[in-house]
Amino acid sequence: MKVMKFGGTSVGSVNSILNVKQIVEGEQESVIVVVSALGGLTDKLIAVSKLACEGDSSYTKEFEAIDARHMEVIEGVIPATKKETVTATIKKLLGELLNVYHTVYQTRELSQIISDAIVSYGERMSSVIISQVLEGAEYAYSPDFIKTTTQFNKHVLDFDSTRKLVREKFVTIPKITVCAGFISSDKDKQHITNLGRGGSDYTAAILAATLEADLLEIWTDVNGFMTADPRVISKAYVIDKLSFVEAMELCNFGAKVIYPPTIFPVYHKNIPIVIKNTFNPSAPGTFISRDKNQGEKTIKGISSINDTALVTMQGLGMVGVTGVSRRLFGALADVGISAIMISQAASENTISVGMKNSEADLAVEVIRKEFASEIEMGEINRVKEEKDLATIAIVGDNMKRIPGISGKLFGMLGRNGINVIAIAQGASETNISFVTDSKSLRKALNIIHESFFLTDYQELNIFLVGTGTVGGGLLDQIKQQQPKLMAQNRLKLKVVGIAEEKKVLFKREGIDLASYREEIKQNGVPASPEIIKNGILEMNIFNSVFVDCTASYQIASLYKDLLSDNVSVVAANKIAASSEYEKYEELKNLSRKKGIKYLFETNVGAGLPIINTINNLINSGDKILKIEAVLSGTLNFIFNTISADIPFSKAILMAKEARFAEPDPRIDLSGTDVIRKLVILSREAGYRVEQADVEKNLFIPNKYFEGSLDDFWKTINEMDEEFDKTRKQLDAENKKYRFVATMEDGKCSVGLQAVGMQHPFYNLEGSNNIIMITTERYLDHPMIIKGYGAGASVTAAGVFADIISIANIR
């Protein structure tokens, strides 16, 4: 025999009731079916009673809606041969209910007894209807055998009388028995009572335990217990097995699949519970038993309560004093406040109690009253409340005796900027609970869900600014690599924000990279640095990476705020890393402090691994003594292109047309870009260098930089003759010009150098870069890194590599 409970959504409509009929009639063994009121009806009954008590005559109209809903259900599910009888029975119950409402309206009184009577009609009517829908079913009136007594003005199950009456009622168990959940009666006065919210689950568990059923099935509108709230975490999935303890912990912290007290009766009789979906009956559901499922995942599920507050009592006068906790919790219990979580310092000078937001003010009031003398004497310093918090619990039997769980949990939260206000863990080690602010709930749940491998892939959420040649190329590369990274590395790259010059688009679920330009055009909002920053911070998304593919000072100025909010930064933009040393150092230190990344590998050498190599050398104990480098792909292209047929001015134009040069090539010709790169390399090598410290040996007179860009193009050919003369001289000596950046012991310079055939820089082709690093280890034979140092695709690839490194993918 088994007990099957169907909740309000399962009996809330004609179609759902017909699903129930198919499920129950397909059973081969005897079943007791426990049903709730039609979905949402209990709340409706309470709302109408309040209208009547307030003297609002509209209660009659609301009652008519209740009447009409039940008639509609009868019309849709009851066979024609039974329809008249069932309608008469339900009309009789509705008539009684209306009379009670009339009495409340006339007297303006709504006692607890009358309120209990009113809410009972939901289950009384639904159970009658379901009993007539199921073929061959017998009806049992629950208040005849579910009995309560009163404790602290609340209805509490009277186990002894209930067990006795249930056994008497079910001496023999028919094929199908239908009874109402939730409702009961007082064991002495016999008036209608109830088991409180979730009481239908409790009714089913009481019957299953008392009659020693083989199984208790809870039929609802979800496929079972989920690893987390699917409305918050799209990757949450159904847990196939839980222990009773795990299920209880998840229920207590907000998982509303079953009513927590449901577990107690069946736990003691070792009767398994299965959570099933009325609307997807073929789904296996969640199986709950005493088995602890050893060898499975460490964490089974994450549960949370959003609407919570924390009340803290603090004072040195509590240290070593017995009875403080008893008085505190006694005072709260006297006013019906139940603690969600308790956290106490080992020194005993603070106790924090989690509760509902709505209870915090009353809790503070009663605690101050209880400890008035201690507060007056200064033994207790303060009693304060913090509202709008969230309580989160991670649950799993397999956490017991496994070191590092707490460290991993709070480390991941810290790196993502989640502040933990209070912590609690029982000696059973089944549950680790903590309190944070409610705005961080979504982010915290996603972090925990991913970090404990409840999902089988890692996710990075990317915000990209700048969709020019580098940014656009990067998006194309991400789009191309997304399937491969997911399949091979279990890494999901999700672009959640893209900013172009005039518009920005934010989309938490991810932007389709095949049509992002059209989507930005249609759904984007006007872009500004402030709007971009606020949009990112307001999304408050976990594992987030800000990617700057611009050359904007304003965008670079956002890095500090983003890093402060635990958003990693990947920059192709050189401005921040080459700005004042204090700003550079601040960003580096901030990323270290927050445990996140500030990466700018492509600032020098596009996709070449230069900065990363320097960091590895230093981190392994080496010292950088000297750097010599050709860092401008543009200038290298120009000096490699100059020939008898191609003068200096035309080579500059060719560099621009090939997109090696900036739109204003004077930026490259002035050496500004090389100076920035040299400053960045010197800083990464451990030297404090400013741009102003670099000795500049430039090869073009200042007058070419002073006018407009048009003036430059009109006059730059004046330099052709001089450069052609130099070219001929260099050709005769088998030498070539290279614009070389040099750092030696912290002293920096840039300028043209003529290099001979034996020099490593001589055969540098096209727009390639080369870097020669002399260190204490690489003293006689410097390390050389050489390759493409310019171009959108290799720069985009370098940025992509930085992004991947944040996910620790190798």
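None of the values given here were measured: they were computed from a predicted structure. (Residues numbered from 1 in each chain as written. Predicted model: local features only at pLDDT ≥ 70, side-chain atom pairs only at ≥ 80, totals over all residues. Heavy atoms only, no water.)

Caption draft 1: Examining the packing of helix H6 (residues 159-169) against helix H7 (residues 199-210) more closely. Packing of H6 against H7 leaves a shortest axis separation of 10 Å and a crossing angle of 65 degrees. Judged on the interaxial angle alone, H7 and H6 are roughly perpendicular. Between H6 and H7 the crossing geometry is right-handed. Contacts from Phe159, Thr162, Arg163, Val166 and Arg167 of H6 reach H7 at Tyr202, Ile206, Leu207 and Thr210. A breakdown of the residues in the contact of H6 with H7 according to their chemical character gives 5 nonpolar, 2 polar and 2 charged. (Axes fitted to C-alpha atoms, helices over the stretch in contact; angles between N-to-C directions. Helix = DSSP H or I, 4+ residues; strand = E, 2+ residues; numbered from the N terminus. Parallel < 35°, antiparallel > 145°, perpendicular 65-115°, else oblique. Left-handed = near helix turned anticlockwise from the far one by under 90°. Contact = heavy atoms within 4.5 Å. Nonpolar A, V, L, I, M, F, W, Y, C, P; charged D, E, K, R; others polar.)

Caption draft 2: Focus on the packing of helix H13 (residues 405-415) against helix H14 (residues 441-451). One can describe the packing of H13 onto H14 by two numbers: an axis separation of 10 Å at closest approach and a directional angle of 135 degrees. The angle between H13 and H14 falls in the class oblique. Along this stretch, H13 crosses H14, giving a crossing that reads as right-handed. Of H14, the residues touching H13 (which contributes Lys408, Leu409, Met412 and Leu413) are Ala444, Ile447, Ile448 and Ser451. Tallied by class, residues from the contact of H13 with H14 come to 6 nonpolar, 1 polar and 1 charged.

Caption draft 3: Unusual backbone geometry, seen in detail. In this model, Arg108 sits at a positive phi of 55 degrees, which is unusual for a non-glycine residue. Mapping Arg108 onto the fold places it in the loop between helix H4 (80-107) and helix H5 (112-133). Arg108 gets classed as partly exposed once you look at its relative accessible area, which sits at 40%. (Buried < 20%, exposed > 50% of the residue type's maximum accessible area, 1.4 Å probe, protein only.)

Caption draft 4: Representation of the nonpolar core within the structure. In terms of nonpolar packing, the biggest core is built from 101 residues, with Ile394, Phe546 and Phe648 touching the most fellow members. It is helix H26 (residues 672-684) that contributes the most residues to this core, 6 residues altogether. Sequence-distant contacts of Phe546, defined by excluding residues within four places in its chain, comprise Phe463, Val465, Ile532, Ile536, Ile555, Tyr559, Leu562, Val567, Ser568, Val569 and Val570. (Core = buried A, V, L, I, M, F, W, Y, C linked by side-chain atoms within 4.5 Å.)

Caption draft 5: Inspection of the sheet that holds strand E26 (residues 624-630) at higher detail. Across the sheet, which stays open at both edges, the 6 strands sit in the order E27-E29-E28-E26-E30-E31 with mixed pairing between neighbours. In the strand order of this sheet, the two ends are held by strand E27 (695-697) and strand E31 (783-788), each with one partner. For this sheet, the mean angle separating the axes of adjacent strands, direction not counted, is 20 degrees. When strand E28 (residues 735-744) meets strand E29 (residues 747-756), the two strands line up antiparallel, connected through 10 bridges. Residue pairing for E29: Arg738 is matched across the bridge by Gln753. Contacting E26, E28, E29 and strand E30 (768-775), helix H23 (residues 633-641) crosses the sheet at an angle of about 155 degrees to E28. (Pairing = 2+ DSSP bridges.)

Caption draft 6: Broad picture of the side chain of Lys494. Within the secondary structure, Lys494 is located in strand E20 (residues 491-499). Within the structure, Lys494 has its side chain in polar contact with the side chain of Glu459 (distance 3.2 Å). (Polar contact = N/O pair within 3.5 Å; in protein donor to acceptor, adjacent residues only side chain to side chain.)

Caption draft 7: Spotlight on the packing of aromatic side chains. All told, the structure shown has 19 aromatic pairs when counted by the stated rule. Through successive ring pairs, a cluster of aromatic residues spans Phe639, Phe648, Phe699, Phe723, Tyr737 and Phe739. Geometry around Tyr121 places Arg124 over its ring, the cationic atom sitting 4.5 Å from the centre. Above the ring of Tyr762, the side-chain terminus of Lys736 is found at 4.7 Å from the ring centroid. (Phe/Tyr/Trp six-rings, centres within 6.5 Å; stacked < 30°, edge-to-face > 60°. Lys NZ or Arg CZ within 6 Å of the ring centre and 35° of its normal.)

Caption draft 8: Main features of helix H24 (residues 648-657). What H24 keeps buried is the set Phe648, Ser649, Ala651, Ile652 and Ala655. Down the axis of H24, the smallest arc covering the buried residues is 160 degrees, so these residues share one side. Considering only its buried residues, H24 is in contact with H23, helix H25 (666-669), helix H28 (709-715) and helix H29 (720-732). Positioned one or two residues after H24, Arg659 has a phi angle of 65 degrees, which is positive. (Arc of directions from axis to C-beta.)

Caption draft 9: Broad picture of the environment of Lys384. In this fold, Lys384 is placed in strand E16 (residues 382-395). Taking relative accessible area as the criterion, Lys384 reaches 30% and is therefore assigned partly exposed. For Lys384, the residues in contact, after removing those within four places along its chain, are Leu310, Val311, Thr312 and Val364.

Caption draft 10: Up close: the pairing of strand E24 (residues 568-571). Where burial is concerned, the two faces of E24 agree: the one with Ser568 and Val570 and the one with Val569 and Ala571 are both buried. Bridge analysis of E24 against strand E25 (residues 598-599) gives 2 bridges, and the strand direction is parallel. Each residue of the ladder has a partner; that of Val570, found in E25, is Leu599.

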